[in-house]
Amino acid sequence: MKIAVISVTENGNKISRRIAAGIGIACDRFAFSKHCDGSAVPFDDMKQMTAKCFGEYDGIIFICACGIAVRMIAPHVVSKLSDPAVVVIDESGKFAISLLSGHIGKANALTEKVAEIIGAEPVITTATDVGGKFSPDSFAAANDLYICEYDIAKEIAAETANGGNVGFYSDTGCLNTPPFCDNKRLGICISSDAAKMPFEHTLHLIPKDIIIGAGCKKGTSAEKFELFLLSQLAENKLDIRRVKALCTIDIKREENAILTFCHNHNIPPQFYSAAELMAVKGQFTSSEFVLKTTGADNICERSAMVMGKSLLVKKQAMNGMTFAAAEAPVKIDFNRRVL
């Protein structure tokens, strides 16, 4: 998760420094030019800065009045499926308010985190959180699960918020499972098979358990690279909704084809040094040319296995592009929280 902190006053800038020092995740600070320091990026146009951050960051923390933040983000709000988390902190640092994308965007968790850092009171208004009820959105976000049916997720959230209970089925073992009921009408199904229907109204939560390892020649067309990866996934019957990350060597950190694919499909890229890749244990398709060029004898298979537990698809190559896929371990814990 990558966070932007936007402040407009001198005290707000001080608060943003405290947040950046304690947040523990990637965090960039932006301060109104009149109250900026050497470690923050100055701005004069807040609307322009908000538009930039809304498209580039997973979360935005405004340190300003709530009304200002609302007006800044209003033109950019589209859907809770894609909008970043938005948190507002008042200029004195007394309250941290979860404003947008509380569950899926992780704004509620971000609110609690920043409130703890600066000693503020967290303000969270989502019904399931206020009532201490089960939220499928929060549960899915915390456990890397893809939500297939958002209408049913809303139905389950409403049911639990009103004191009801739902059914539950899982292909994998779960920790700290709360008491579910024998509800044949409405329930949750954790499985990589979205065709399973254990309930009349089934909310399918698909574990993100596939790691793509990939590489490409410098300057490879983003369109060609995307077509290659999608065809490999389809050929090997791997649902793109199961993809947890795309991994590759760090010299490809700025490769447009890789970054575009990850952006288009909301898949986080992960980059590793040649030394990190060569330290991965296993039998891999070795190439002397790749070793001489990059410092690692194989990019795609080794990259996939940094996070994977078993290799599902060995190296596939075409026109300077490579693909491999590994299965990642799945650990479901109902007590896990995001951030």
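Before reading on, note that the structure itself is shown above.
Below or above, wherever it landed, is the structure these notes cover. Owing to the predicted nature of the structure, the values given are computational and were not obtained by experimental measurement.

### As for unusual backbone geometry
Now for step 1: In this structure, Asn 176 takes a positive phi of about 55° despite not being glycine.
Now for step 2: Among the residues examined, Asn 176 registers a relative accessible area of 43% and is labelled partly exposed.
Now for step 3: We note that Asn 319 has phi near 50°; this positive angle belongs to a residue other than glycine.
Now for step 4: Summarising the element assignment, Asn 319 is placed in the loop between strand E16 (310-318) and strand E17 (321-327).
Now for step 5: Judged by its relative accessible area of 63%, Asn 319 is exposed.

### Some thoughts on the packing of helix H8 (residues 222-235) against helix H9 (residues 256-264)
The description of two packed helices rests on the angle between their axes and on the distance between the axes.
Now for step 1: Their axes nearest at 8 Å, the elements H8 and H9 cross at an angle of 60°. Comparing their axes, H9 and H8 come out oblique. The two elements H8 and H9 meet at a crossing, and its hand is right-handed. When H8 is examined against H9, the residues Ala 222, Phe 225, Glu 226, Leu 229 and Leu 230 are found in contact with a partner set consisting of Asn 256, Ala 257, Ile 258, Thr 260, Phe 261 and Asn 264.
Now for step 2: Partitioned by chemical class, the residues of the contact of H8 with H9 number seven nonpolar, three polar and one charged.

### Some thoughts on the pattern of salt bridges
When their charged atoms lie close together, side chains carrying opposite charge are able to pair.
Now for step 1: Counted under the stated rule, the structure contains 12 salt bridges.
Now for step 2: The shortest N-O distance in the salt bridge between Arg 17 and Asp 37 comes to 2.6 Å. You can see Arg 17 sitting in helix H1 (residues 10-22) and its partner Asp 37 sitting in the loop between strand E2 (26-32) and strand E3 (41-43), a full 20 residues away along the chain.
Now for step 3: With a relative accessible area of 35%, Arg 17 lands in the partly exposed category.
Now for step 4: For Asp 37, the salt bridge goes to Arg 29, with nearest N and O atoms at 2.9 Å. Note on accessibility: Asp 37 and Arg 29 belong to one class, buried.

Conventions adopted
- Residues numbered from 1 in each chain as written.
- Predicted model: local features only at pLDDT ≥ 70, side-chain atom pairs only at ≥ 80, totals over all residues.
- Heavy atoms only, no water.
- Buried < 20%, exposed > 50% of the residue type's maximum accessible area, 1.4 Å probe, protein only.
- Helix = DSSP H or I, 4+ residues; strand = E, 2+ residues; numbered from the N terminus.
- Axes fitted to C-alpha atoms, helices over the stretch in contact; angles between N-to-C directions.
- Parallel < 35°, antiparallel > 145°, perpendicular 65-115°, else oblique.
- Left-handed = near helix turned anticlockwise from the far one by under 90°.
- Contact = heavy atoms within 4.5 Å.
- Nonpolar A, V, L, I, M, F, W, Y, C, P; charged D, E, K, R; others polar.
- Salt bridge = Lys/Arg side-chain N within 4 Å of Asp/Glu carboxyl O.

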